[in-house]
Amino acid sequence: MLIFSIVLAFSPHIIFFVIVRFLLGVFCMGAMASSFCLGMEMVGPSWRVFAGVVVEYFWIAGSLLLLLLGYFIRYWKTLQLLFAIPTALTTLIYLKFIPESPKWLFVTNKTEEGHKILKKIASSNGVQLYDIKIIVSKKGGNDVPSGTLWSVMKSPVLRRQTLNITLCWTVNVMIYYGITLNISALAGNFYTNFLISIVLELVAYLTCQFFLNYSRRLTVAISMIAGGLAMACIIAVENESLITGIALFGKFAISISFGAIWMYTPELFPTCVRNAGIGFASMFGRVGGILAPIIGDLVECNLPAETISLH
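Residues numbered from 1 in each chain as written. Predicted model: local features only at pLDDT ≥ 70, side-chain atom pairs only at ≥ 80, totals over all residues. Heavy atoms only, no water.

Caption draft 1: Representation of helix H10 (residues 190-211). For H10, which comprises 22 residues, the first-to-last C-alpha distance of 31 Å matches the rise-based estimate of 32 Å (1.5 Å per residue) to within 8%. All of the buried residues along H10 are Asn 193, Phe 194, Ser 197, Ile 198, Glu 201, Ala 204, Tyr 205 and Cys 208. All buried residues of H10 project into a common sector of 140° when viewed along the axis, lining one side. Contacts from the buried residues of H10 go to helix H3 (48-72), helix H9 (156-180) and helix H12 (240-267). The backbone nitrogen of Tyr 191 lies 2.9 Å from a side-chain oxygen of the residue at the head of H10, namely Asn 189. (Helix = DSSP H or I, 4+ residues; strand = E, 2+ residues; numbered from the N terminus. Expected span 1.5 Å × (residues − 1). Buried < 20%, exposed > 50% of the residue type's maximum accessible area, 1.4 Å probe, protein only. Arc of directions from axis to C-beta. Contact = heavy atoms within 4.5 Å. Polar contact = N/O pair within 3.5 Å; in protein donor to acceptor, adjacent residues only side chain to side chain.)

Spelled out as structure tokens, the structure:
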């Protein structure tokens, strides 16, 4: 990510830019999925909701930084180089302070390494660590489970859950980025609308964190329905200011769903295939991200509003 972030700023032509931007996106999404999975596996059930949603607060911080820098610096190459700085800092912190997931190490029979990490964590927390190597050996046996995409699809239950959550990811990403990327088309100042959407997103994640303690499924379902209804309501509205308000509410609702689906997805898969499951669902979610700007461009073709909103 760091290398491609820097190289991107020195793109000599559009073809080079597209290729590097594609590679940057590949590594970026891989880092997001694996780091989120790692964070979820490092905490117990009582802290799982907080660990899952706190990531979104840093997403908000990044969005605010983007808004601030974008307001004062309008040359995209300078902006791109500045964005490489937090990437470098995050990489150094990650390598220095974040260990491998002990849960994954135990599941893959790397018990010695996992025990060393847990011992270090326990020591820093001032608690006693019992000898868990015997417990793991009794439960796990010597067979190392496969953590591939094929192992996800072989199980009927995992296959059904994966296809279901994949569709949810596609819809969430399409609506989220569909609104975000087309904020400039809404009535009002672009930067003001973007700031309002960030504030609404922060409130959405706080709301998401509250309701996730009661039900994962209902949080995802209700927020997706609310976001879909908001988009459908735009069909019957002609006032541009009202359309802006409805669109921002739609982003609020879909942000709740987005935060919940990041939290819900890792819990659907066992440890050995968790990262593969998240990666597969997130990959198809990017199909929605690809469609988002295309749907926005349909507006310029003067297609009926019903077509745009129903998508």
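Caption draft 2: Structural detail: the packing of aromatic side chains. Summed over all chains, the structure comprises 16 aromatic pairs. Summarising the aromatic geometry, the rings of Tyr 71 and Tyr 191 are spaced 5.2 Å apart at their centres and angled 90° between planes, so their arrangement reads as edge-to-face. Here Tyr 191 lies in helix H10 and Tyr 71 lies in helix H3, a separation of 120 residues in the sequence. Note on Tyr 71: relative accessible area 43%, which makes it partly exposed. Classification of Tyr 191 as partly exposed rests on a relative accessible area of 22%. Between the aromatic rings of Tyr 176 and Tyr 177, the centroid separation amounts to 5.0 Å while the plane-to-plane angle is 85°, which identifies the pairing as edge-to-face. Here the aromatic residues Phe 36, Trp 169, Tyr 176, Tyr 177, Phe 258 and Trp 262 are joined through ring pairs into a cluster of three or more. The ring of Tyr 71 carries the charged tip of Arg 74 above its face, separated from the ring centre by 5.5 Å. Seen from the ring of Tyr 176, Lys 251 lies directly overhead, with NZ or CZ sitting 5.0 Å from the centre. (Phe/Tyr/Trp six-rings, centres within 6.5 Å; stacked < 30°, edge-to-face > 60°. Lys NZ or Arg CZ within 6 Å of the ring centre and 35° of its normal.)

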